[in-house]
Amino acid sequence: MELVPGNTLITATPQEGRELALAMARKSVGAIQPDAEMRKALRPGYASAADSLTMAAQVVAIEFATIAAANDYWR
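Nothing here was measured: the structure is a model prediction, and the numbers come from that model. (Residues numbered from 1 in each chain as written. Predicted model: local features only at pLDDT ≥ 70, side-chain atom pairs only at ≥ 80, totals over all residues. Heavy atoms only, no water.)

Overview of the side chain of E63
The condition is simple: Helix and strand labels come from DSSP, where a helix needs a run of H or I of at least four residues and a strand needs a run of E of at least two; each type is numbered from the N terminus. Contacts are residue-level and defined by heavy atoms, with any inter-residue pair within 4.5 Å sufficient.
Relative to the helices and strands, E63 is located in helix α3 (residues 50–70). If near-sequence neighbours (up to four positions away) are discounted, E63 is found in contact with A21, M24, A25 and S28.

Here it is, written out as structure tokens:
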């Protein structure tokens, strides 16, 4: 399972970095819960829970911060 698409954190732009962060977060969820049917069954429980959505956004933000640092903040 490729958890870092393309095996690099280097991106040309912050937009690409944000897209990579989102992809990495999604792949992490898939790695933690590899059963697609189980993920689908669990989704209604968190899809409308503000705290769960906020935590998911935090995971993406942490991934983005890591990517931004790897790219020297696109300077």
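Quick look at the side chain of N71
For clarity, the threshold we go by: Polar contact criterion, stated in full: a pair of N or O atoms within 3.5 Å, where within protein one must be able to donate a hydrogen and the other to accept it, and residues adjacent in sequence count only if both atoms are side-chain atoms.
Note on placement: N71 falls in the segment after α3. There is a polar contact of 2.8 Å between the side chain of N71 and the backbone oxygen of L9. Leave out the neighbours within four places in its chain, and N71 touches L9, I10 and T11.

Purely geometric numbers; function is a separate question.
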